[in-house]
Amino acid sequence: MLLDLSKLFGKSKTSKDVAKERLKLVLIHDRANVSPEFLEMVKGEIIKVITNYMDVDESALDIQLTRTKSEEGDRIVPALVANIPIRNVKNSGK
Amino acid sequence: MGEVIVITSGKGGVGKTTTTANIGTGLALLGKKVVLIDTDIGLRNLDVVMGLENRIVYDLVDVVEGSCRIKQALIKDKRYDGLFLLPAAQTRDKSAVNPEQMIKLCNELKEEFDYILVDCPAGIEQGFKNAIAGANRAIVVTTPEVSAVRDADRIIGLLEANELRNPKLLVNRVRVDMVKRGDMMNIDDIIDILAIDLIGVVPDDEKIVVSTNKGEPAVTDDKSLAGQAYKNIVRRIMGEEVPLLNLETDEGLMIKLKKLFGLKAT
């Protein structure tokens, strides 16, 4: 609301808008601050399960905690994002 | 059976002790039996804010170590019926108390009192862990500054990790003039970032300094705006639905501004 008003008055961004933006950014990092050991554990377990079904490139595997828009799109929620390159899908299950 | 409420913030100097003193006194004024526990061992201050510093004989460490009975250490505030203070030790450090001892102490006090308010030290170490150990509810105090809001976010995470669900937010030292200029985050901004329920907003008020000078909580001063805000918070703690003070929200302000703009436009 204040934003609209300041636009109407032709004002530039207020210092509280700067504060809010900076806070949001810093909190993304603060909130995602899980220990590397914890992430390594999660990573290990995920690899264990996935390798039952497919060959993955473990060296290129990337897992991190980040934040993303929720389904409804109105809130920012934490998310575990995993990028797991697949070499080959095993067909033994067929 | 009483309730234990911890007042915490992460960052120092945002008004935890002032809040504890005012909420505690406010609850006592409404006829509740209240004990305030200062857990800031080594840096005690709740005693001076309450104006009870000259009456300390025993302290929190004496109680948990069994050097005295709880009753002996509780200082009765003679001005307000049903209000007691358990001061922190000044010559010891935080490791003199552990969370198990705090849980035991809180459980014993619950038998006797309606509300046990725990004034938490700044930080997230031992003192914080002690303060939250026996708590049923938590109030997180912040001010509309990036540093305080950031620390509040951290504390909210730690409270929830310790099974203290739904902590309530108290935004302290709000300056309406600065919010109006867009130079201070408003309540909606802070709620948006921290995503927890609000228990109240306390305006920046010179009377807080004056009342602390005298050792008389502002909640007893009918002319103090901050005192008024604390009175409302006390009633909300007791379960009443109390609307925010008009000056507390900037919604009223925005409507006024819009009206002003509307007038100009026509």
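Look above for the structure.
Reading guide: rules and limits
Residues numbered from 1 in each chain as written. Chains lettered and ligands numbered in written order. Predicted model: local features only at pLDDT ≥ 70, side-chain atom pairs only at ≥ 80, totals over all residues. Helix = DSSP H or I, 4+ residues; strand = E, 2+ residues; numbered from the N terminus. Buried ≥ 20, exposed ≤ 12 C-beta atoms within 10 Å, placed from the backbone. Contact = placed C-beta atoms within 7 Å. Pairing = 2+ DSSP bridges. Core = buried A, V, L, I, M, F, W, Y, C linked by C-beta atoms within 7 Å. Axes fitted to C-alpha atoms, helices over the stretch in contact; angles between N-to-C directions. Parallel < 35°, antiparallel > 145°, perpendicular 65-115°, else oblique. Left-handed = near helix turned anticlockwise from the far one by under 90°.

### Here we look at the overall build of chain A
Along the backbone of chain A there are three helices and four strands. Reading the secondary structure of chain A in the N-to-C direction produces α-α-α-β-β-β-β. Going through the 94 residues of chain A one by one, you find that 3% of them count as buried. Looking at chain A alone, contacts between residues at least 24 apart form 51% of all its contacts between residues at least 6 apart.

### As for the pairing of strand S2 (residues 34–38) of chain B
Residues and elements named next belong to chain B. With five of its five residues buried, S2 lies for the most part within the structure. Here S2 shows a buried face lined by Val34, Leu36 and Asp38 and a second buried face lined by Val35 and Ile37. Alignment of S2 against strand S4 (residues 83–86), held across four bridges, turns out to be parallel. Paired with valine 35 across the bridge in S4 is phenylalanine 84.

### Focus on the nonpolar core
The nonpolar side chains of a soluble globular protein tend to be buried with one another. Residues and elements named next belong to chain B. One finds Val6, Val34, Leu60, Ile116 and Val118 to be the most contacted residues of the largest nonpolar core, which totals 82 residues. Ranked by the residues each element gives to this core, the list is headed by helix H11 (residues 225–237), at seven residues. Dropping the residues within four chain positions of it, valine 34 is found in contact with Gly24, Leu27, Ala28, Gly82, Leu83, Phe84, Phe113, Asp114, Tyr115 and Leu117.

### Describing the packing of helix H5 (residues 99–112) of chain B against helix H6 (residues 126–133) of chain B
Residues and elements named next belong to chain B. At a minimum axis separation of 7 Å, H5 and H6 run at an interaxial angle of 30 degrees. In terms of orientation, H5 and H6 fall into the roughly parallel class. For the pair H5 and H6, the sense of crossing is right-handed. In this structure, H5 contributes Pro99, Met102 and Ile103 to the contact, and H6 contributes Lys129, Asn130 and Ala133.

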